[in-house]
Amino acid sequence: MKMKMKMGVLPAAAVVAALCLSACSNGKFKIEGTITEAADSMLYLENMALDGPQKIDSVKLTADGAFSFSKEVPSDAPDFYRLRIAQQIINFAVDSTETISVKAAYPTMASDYTIEGGKSNATIRELALKQIQLQALARKILDAPDLNATAVGDSILAVVGAYKKDVMNHYIYKAPGDASSYFALFQGIVVGKSYMMVFDPRRDIDDVKPFSAVATSWDTYHPQSLRGENLHNIALEAMKTKRIVQAEKDGLTIDADKITVAEIIDIVLPDNKGVTRRLTDLKGKVVLLDFHLFGAEGSMQRIIALRELYTKYHDRGLEIYQVSLDDDEHFWKTQTAALPWISVRDDGSHTQSYLFQAQNLPVDYIISRDNRVELGPQQIKNLETDIVKYL
């Protein structure tokens, strides 16, 4: 599916809302609560679409600040919204037919509110407060009288870099399928008169990785969704741009339409013989990406079943890239010494596995010959039948 990329360039107070990644059911959700100190103010409920906020309801607050909205939950994909008075915004995720309760006071509702309901909204609030602190720090740097323009730019990039590292390690990579991770990807700050995205693969190619991590989770739980496609397109276009820029530095000219890039998060780990193995090097083969724990009950039976699959379909183009999460390296090497497929081991941090939502093992992904994740653990019904579809 082809579509335009939407990076969501919005004013600082309107930093993009969150998107829930868990399945929604038909029905209605309810958002209610009180926003005091805002008598006669208009409170808007807005849907955060890819093209920006869309007003869907509003109410003029009375002295007690009570409000209540009830809206249908889309049946095809999760959705997300925000409450707004002027430039004060509260973002929230909707992942079911639930009731979400908010309490706040104007004009500090964006930075001082409580929210209950929705599995991700507490974390979204935490990230929103962190973003407000980042904005304040950037403003302090901009106002520093002893810093020239170069020093200001370097200082802001430094604090944004530290912020990104914190958010990636403590939020996105720990739970790429959570609404808060999607929210984090589109945070930003105002620098002077410009809006600066915190994560921007067009500016920093390393930002492709968190975008790809969330996109992979989206593909797993909401295949063929517009938002998942958008995340992929952002990452892919950034990688293409990087190749073009590098070619120009080398004095070459490359047609952008002829550039192809992998559409999956690459895994780069040493195998049981010490050889570095890249998942994307298997382009041209149908790959079963298998996250496995050899120390778990039932491991032997599963390995026997995988060996039968491999023997039956390897000559037709099937490859297995198996990622072990065993803590004991020697045990892993012993268990995999006679296996015919690629066997690598994620170290104690399990960083690679978090990106693929590999917490409840075993977890499988089927990757087509063009490096695209076709089926995730939620879509695979019969491993052999589903693999054969892509051979």
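One structure accompanies this document, and this report is about it.

1. Observations regarding the overall build of the protein chain
Scanning the protein chain for helices and strands turns up nine helices and 17 strands. Burial status across the protein chain gives 49% buried among its 391 residues. Of all intrachain contacts in the protein chain linking residues separated by at least 6 positions in sequence, the fraction that spans at least 24 positions is 64%. Surface accessibility of the protein chain: about 18,500 Å² in total, with carbon and sulfur atoms responsible for 50%.

2. Topic: the pattern of salt bridges
Tallied over the entire structure, the rule returns 15 salt bridges. Put simply, Asp290 and Arg302 hold a salt bridge, and the shortest N to O gap is 2.5 Å. Residue Asp290 is located in strand β13 (residues 286-292), and its partner Arg302 is located in helix α6 (residues 299-313); the two are separated by twelve residues in the primary sequence. Of the two residues, Asp290 and Arg302, neither departs from the other in class, the shared state being buried. Residues participating in the shared-partner salt-bridge network are Glu46, Arg82 and Arg84.

3. So, the environment of Glu116
Counting through the fold element by element, Glu116 comes out in strand β8 (residues 113-116). Each C-alpha atom of the pair Glu116 and Gly33 lies 10.0 Å from the other, and the pair is 83 residues apart in sequence. Filtering out sequence-adjacent residues up to four positions away, Glu116 remains in contact with Thr99, Ile100 and Ser101.

4. A look at the sheet that holds strand β4 (residues 66-72)
In spatial order, the strands read β4-β1-β7-β8; together these four strands make up an open sheet with mixed pairing. Two strands close off the open sheet at either side, each with one partner strand: β4 and β8. Across the sheet, the mean angle from the axis of one strand to that of its neighbour is 15°, orientation sign disregarded. Across four bridges, the pairing between strand β7 (residues 99-105) and β8 is antiparallel. Note on β8: the bridge partner recorded for Lys103 is Thr114.

5. Topic: the nonpolar core
Side chains that are nonpolar tend, in soluble globular proteins, to be buried together. In terms of nonpolar packing, the biggest core is built from 38 residues, with Val167, Ile172, Phe186, Phe211 and Leu231 touching the most fellow members. No other element matches the nine residues that helix α2 (residues 149-172) contributes to this core. Residues Phe67, Val73, Leu83 and Ala104 belong to the second largest nonpolar core, which totals 22 residues.

6. A closer look at the sheet that holds strand β5 (residues 79-85)
Strand order in the open sheet formed by four strands is β3-β2-β5-β6, with antiparallel pairing between adjacent strands. The two strands at the open ends of the sheet, each matched to only one other strand, are β3 (52-60) and β6 (88-94). If you compare each strand with its neighbour and ignore which way they point, the axes differ by 25° on average. Direction of pairing for β5 relative to β6: antiparallel, over a ladder of seven bridges. If you follow Phe80 over to β6, its bridge partner there is Ala93.

7. Digging into α6
Between its first and last C-alpha, α6 extends 21 Å over 15 residues, near the 21 Å set by a 1.5 Å rise per residue. Those residues of α6 that fall on the buried side of the exposure criterion are Ser299, Arg302, Ile303, Leu306, Leu309, Tyr310 and Tyr313. End-on view of α6: buried residues confined to an arc of 120°, all on one side of the axis. Residues of α6 that are exposed and angled more than 90 degrees away from the buried face: Met300, Gln301, Glu308, Thr311 and Lys312. Buried residues along α6 sit against β13, β14 (318-324), β16 (363-367) and α9 (383-388).

8. Observations regarding the packing of helix α1 (residues 121-143) against α2
Running from N to C, α1 and α2 cross one another at 165°; their axes reach a closest spacing of 9 Å. One way to sum up the angle between α1 and α2 is to call them roughly antiparallel. Between α1 and α2 lies a crossing of right-handed hand. Seen from α1, the contacting residues are Thr123, Glu126, Leu127, Lys130, Gln131, Leu134, Leu137, Ala138, Ile141 and Leu142; seen from α2, they are Val152, Ser155, Ile156, Val159, Val160, Tyr163, Asp166, Val167 and Tyr171. Taken together, the residues that form the contact of α1 with α2 break down as 13 nonpolar, three polar and three charged.

9. Comments concerning the environment of Glu32
Inspection of the secondary structure puts Glu32 in strand β1 (residues 28-36). Along the primary structure Glu32 and Ser101 are separated by 69 residues, whereas in three dimensions their C-alpha atoms are 5.1 Å apart. Every residue in contact with Glu32, bar those within four places of it in the chain, is listed here: Phe67, Ser68, Thr99, Ile100, Ser101 and Val102. Of the polar contacts made by the side chain of Glu32, one reaches the side chain of Lys30; its length is 3.4 Å.

10. Looking at the environment of Arg202
By the secondary structure assignment, Arg202 is in the loop between β10 (194-197) and α4 (208-221). Here Arg202 falls in the exposed class, since its relative accessible area comes to 51%. Sequence separation between Arg202 and Ala238 is 36 residues, and the spatial gap between their C-alpha atoms is 5.1 Å.

11. Considering the pairing of β1
Only one face of β1 is covered, namely the face carrying Phe29, Ile31, Gly33 and Ile35; the face carrying Lys28, Lys30, Glu32, Thr34 and Thr36 is uncovered. With seven bridges connecting them, β1 and β4 associate as antiparallel partners. Looking at the pairing, Glu32 lines up with Ser68 of β4.

Reading guide: rules and limits
Residues numbered from 1 in each chain as written. Predicted model: local features only at pLDDT ≥ 70, side-chain atom pairs only at ≥ 80, totals over all residues. Heavy atoms only, no water. Helix = DSSP H or I, 4+ residues; strand = E, 2+ residues; numbered from the N terminus. Buried < 20%, exposed > 50% of the residue type's maximum accessible area, 1.4 Å probe, protein only. Contact = heavy atoms within 4.5 Å. Areas by Shrake-Rupley, 256 points an atom, 1.4 Å probe, with all protein chains shown as cover. Salt bridge = Lys/Arg side-chain N within 4 Å of Asp/Glu carboxyl O. Pairing = 2+ DSSP bridges. Axes fitted to C-alpha atoms, helices over the stretch in contact; angles between N-to-C directions. Core = buried A, V, L, I, M, F, W, Y, C linked by side-chain atoms within 4.5 Å. Expected span 1.5 Å × (residues − 1). Arc of directions from axis to C-beta. Parallel < 35°, antiparallel > 145°, perpendicular 65-115°, else oblique. Left-handed = near helix turned anticlockwise from the far one by under 90°. Nonpolar A, V, L, I, M, F, W, Y, C, P; charged D, E, K, R; others polar. Polar contact = N/O pair within 3.5 Å; in protein donor to acceptor, adjacent residues only side chain to side chain.

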